Structures are given as C-alpha cells and as structure tokens.
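What follows is the residue order along each chain.
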Amino acid sequence: MTDTFKHHLELLIACVIYGTVGIYMQQLEDMSIGSIIFYRIFFGLTALLFYLSITRNLGQLALKRKKKYLLLLGILYVLQMFSYYSAIRYLGASSAVLLLYTDPIYLTILAPLLLGEKNTGKTILALFLGLIGVFYITRPEGGFEQVELGSSYLKGVLFGLTGGLFSSGVIISVRYLRDEYNGLTQLFWQSAISLFFLSPFAVSVPRDILTGNLPVLVLFGVLITGIGAVFYIRGVTGVNAITGSLFTLLEPVSCMFFDYTVLGSSIHSGMLTGCIFILAAAIVISLDDSVSPIKLFFLNKAASGKRAFVRKKPVLRAEDK
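Along each chain, residue indices are assigned from 1 in the same order as the chain's sequence is written. Predicted model: local features are reported for residues with pLDDT of at least 70 only, side-chain atom pairs are reported and counted for 80 or more only, and whole-chain, interface and lining totals are derived from all residues. The basis for every side-chain value is the complete set of non-hydrogen atoms in the structure, without hydrogens or water.

Student: When you look at the overall build of the protein in this model, what are you seeing that I'm missing?
Tutor: Numbering goes from the N terminus for both helices and strands, where a helix is a DSSP run of H or I of at least four residues and a strand is a run of E of at least two. Summing up its helical and strand segments, the protein has 14 helices and zero strands in all. Going from the N terminus to the C terminus, the protein shows its helices and strands as α-α-α-α-α-α-α-α-α-α-α-α-α-α. The classification of residues rests on relative accessible area computed with a 1.4 Å probe and restricted to protein chains. Under 20% of the type maximum is buried, over 50% is exposed, and intermediate values are partly exposed. Counting all 321 residues of the protein, 54% fall into the buried class. Sequence-distant contacts, at least 24 apart, represent 87% of the contacts inside the protein between residues at least 6 apart. Summed over its atoms, the accessible surface of the protein is roughly 14,400 Å², and 65% of this surface lies on carbon and sulfur atoms. The contact criterion used is simple: two residues touch if any of their non-hydrogen atoms lie within 4.5 Å. Using the Shrake-Rupley algorithm and a 1.4 Å probe, accessible areas are obtained, with residue cover drawn only from the displayed protein chains.

Now the structure itself:
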C-alpha cells in the first residue's frame, strides 16, 4: 500500500464515520443535546488519550502560547456542536450537515475582518453559490409560506445556520493556532475545555436513562471523537490542501446516504439542488489562487470540498460532525 493511497483511505474512513452521526442521534433517547455532547466527547477524549499513550505522544499536549485562543476554540466548538446537534433533532442529519457546510459564506465575510485576508473573485463566487444553496436547502417542498413562525422546521434551520457561523469561527481559530499546536493537540484541548462547560449537563441525566444509553454513547464517542478524528488527522496531514478538502465531500454524502438508507428519511429535490450549490461553493474556495473561478464555473466542475478558505495547508476540521 503506497503512502498516498493510505492517506486517501484514512480520509475516506473518517468521512464515512462522520456521516453516521444521524444514526446515533436517533438511537439516543430522553437525553438533552448538552448531555449527549458531553458524554460523546468524554468517551472520545478517553479513546484519544489511550491512542496518544500507546503511541508515546502525550508530550505534545503541553500548553504553549496562545492559551486564551485555545479557550476560545473550546467555547466555539461547544456552540457549534450544540447548534449542529439541535439542527439534527429538528431537521434530520442530511439538512443539518449541509447547513453546517455554509461556513464559506461566513468566512467570506469574517476572514477579511479578523484575519486581514482580502476577498477575491473566487470568494465572492463562493458566497453567491452558498447563498443559492441555503435558499434551496431551507425552502420546504411546499414553499416558505408553509412554514409557521416558531415551528420545529424553522428552529432547525436557525440552529443549522448558527452552526455554520460557529463552524467558521472554529476554522479561523484553528488557523490562528496551527503554528503553535498540531491537530491532535487542538482536538484534545478543545475537547477538554468543552467538557468543563458541558459538565452541568452530565449530572442532570437520571442514572437509569444514562445506563440505558451508555452503549450507544460509548460507541458514538469512540468512533466520532476518537477513531474518526485520528483517521482524519493522519490522512489530512499526508495530502495537499485541495485533496483534503475534496475528500471531505464524502461527509455530507455519507450523512445523506445513511439518513436515507438506514433511517428512512426523505430527501427532496431542493435538498439535492442546495447540496450541489453549497458543495460547489466549498470547492471554489478550496482551489489554488491560480485557478480561475470563472473558468471553473463555466466548465461546471463544481463537485465539492470543505474548509480550506482560511488556510493554505490542511488542518483539523474541529467538528466531529
């Protein structure tokens, strides 16, 4: 097995694992979103510590500079997860993951303000495509006039869009910290900080409910935060930024596949159309600056990609979708 194939396989496995989130969310009963996130992160962090121990890499967890930005990363991570999982509860995994992928829209606006990066024709095109995608994804089959104020559908859409906003904040924080902390170190500390803020939710779960959901929680945490994240980090560090971004296309595709085949959720035409536009926006921002976005648009090579807008090299996508 060549190194290139190995890294591609690791990314493939990670994205397929991330796509199973909707299955676990449906199986977890009578638990709040906060308590689900706490125990998922807890068991995932335990698995991560075990991995670092057997690979003798615990030393890389040492704190260096920019500690307050690690704290900010942890807080943004909690907010992203809470919004994303709430959207899954209200909308289903397919719509939720696509709305989470709207972060290029926010990054187009926030990166110039926070990182001093100028928008280009490429980023403006990505913003345009992303907005069209959001329209189609959030539009019910019967039209917006069918949506009642305060309905579960509207709540799900708002949580999904908020999740995309916090996701963009996570990406910006990851970029700022990447020269000080590697992917695993950021994953560890954002998870540890998350546990601190989510601890009140942990003690609020009745013992019988926690016991009944424990097997699913353990599997959920170990697979998503542990195995999935490790595979992703190992894979993404061995490929270039564009390849890594393109491979993350498999996450929403995987999520929609499991949502449709395992959970029996319906996928309407508007969702598929929105998916094409949002993933097209993601691939546009993943391309090297030498690639013309106009040429890309007219050649219609809009497949998809993710999370390379504020970076020139691949970094950890701190989400555990």
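So much for the structure itself; the text now carries on.
Student: It is not clear to me how the nonpolar core should be interpreted in this structure. Could you clarify?
Tutor: It is characteristic of soluble globular proteins that their nonpolar side chains tend to be buried jointly. Nine residue types can take part in a nonpolar core, namely buried Ala, Val, Leu, Ile, Met, Phe, Trp, Tyr and Cys, and a core is a set of them joined through side-chain atoms within 4.5 Å. In this structure, Val 21, Met 25, Tyr 39, Leu 48, Tyr 84, Tyr 85 and Phe 220 are the most contacted members of the largest nonpolar core, which totals 61 residues. Ranked by size, the runner-up nonpolar core spans eight residues in total, among them Leu 70, Leu 73, Val 174 and Tyr 181.

Student: Is there a simple way to explain the pattern of salt bridges in this structure?
Tutor: Where charged atoms from two side chains of opposite charge approach closely, those side chains can pair. When a carboxyl oxygen of Asp or Glu lies within 4 Å of a side-chain nitrogen of Lys or Arg, that pair is called a salt bridge. The full count for this structure, using the stated rule, is one salt bridge. Salt-bridge contacts for Arg 65 lead to Glu 180; the nearest nitrogen and oxygen are separated by 2.9 Å. Within this pair, whereas Arg 65 is found in the loop between helix H3 (33-54) and helix H4 (67-91), its partner Glu 180 is found in the loop between helix H8 (152-177) and helix H9 (183-203), the two being separated by 115 residues in sequence.

Student: Please clarify how unusual backbone geometry should be interpreted in this entry.
Tutor: What you tend to see is this: most non-glycine residues have negative phi, and most peptide bonds are trans. Positive phi is not limited to glycine here, since Arg 56 has a value of about 55°. With respect to the element layout, Arg 56 can be found in the loop between H3 and H4. We classify Arg 56 as exposed; its relative accessible area is 78%. A positive phi angle is found at Lys 66, which is not glycine, with a value near 60°. Turning to its location among the elements, Lys 66 is positioned in the loop between H3 and H4.

Student: I tried to follow the packing of H4 against helix H5 (residues 93-100) on my own but got confused; where do I start?
Tutor: Between two packed helices, the angle of one axis relative to the other and the distance separating the axes together describe the packing. An axis is simply a line fitted to the C-alpha atoms; with a helix, the fit covers only the stretch in contact. Between two such axes, the angle follows the N-to-C directions and lies from 0 to 180 degrees. Between H4 and H5, the least distance of the axes is 7 Å, while the angle of their chain directions is 145°. As for the relative orientation of H4 and H5, their crossing is right-handed in sense. In this structure, H4 contributes Gln 80, Tyr 84, Ala 87, Ile 88 and Leu 91 to the contact, and H5 contributes Ala 93, Ser 95, Ala 96, Val 97, Leu 99 and Leu 100. Here the contact of H4 with H5 is built from residues that sort into nine nonpolar, two polar and no charged. By definition, any crossing whose near helix is turned counterclockwise from its far helix by less than a right angle is left-handed, and any crossing with a clockwise turn is right-handed. Asp, Glu, Lys and Arg are counted as charged, while Ala, Val, Leu, Ile, Met, Phe, Trp, Tyr, Cys and Pro are counted as nonpolar; the rest, among them Gly, fall into the polar class.

Student: Could you clarify how one ought to interpret a nonpolar patch on the surface in this entry?
Tutor: Taken together, Leu 71, Ile 75, Leu 79, Phe 196 and Phe 197 make up a surface patch of nonpolar side chains, about 450 Å² in accessible area. Breaking the nonpolar patch down by element, the ones donating at least two residues are H4 and H9. With three residues, the top contributor of residues to the nonpolar patch is H4. With respect to the secondary-structure elements, Leu 71 resides in helix H4. Put simply, a patch holds well-exposed residues, over 30% relative accessible area, that have no salt bridge, with like charges counted together within 9 Å and Val, Leu, Ile, Met, Phe, Trp or Tyr side chains within 5 Å.

Student: Which parts of the structure should I look at to understand the confidence of the model for the protein?
Tutor: Segments scoring low in pLDDT should not have their predicted coordinates read at a detailed level. pLDDT measures the predictor's confidence residue by residue and takes values from 0 up to 100. A residue-level look at the protein finds 79% of positions with pLDDT of 70 or above and a mean pLDDT of 78. Low pLDDT, under 50, characterises residues 289-316; the predicted model gives this stretch 87 contacts beyond four residues in sequence or across chains.

Student: What's the story with the environment of Met 81 in this structure? I'm lost.
Tutor: Within the secondary structure layout, Met 81 lies in helix H4. When its relative accessible area of 0% is taken as the criterion, Met 81 is described as buried. In sequence terms Met 81 and Ile 33 are 48 residues apart; their C-alpha atoms lie 8.9 Å from each other.

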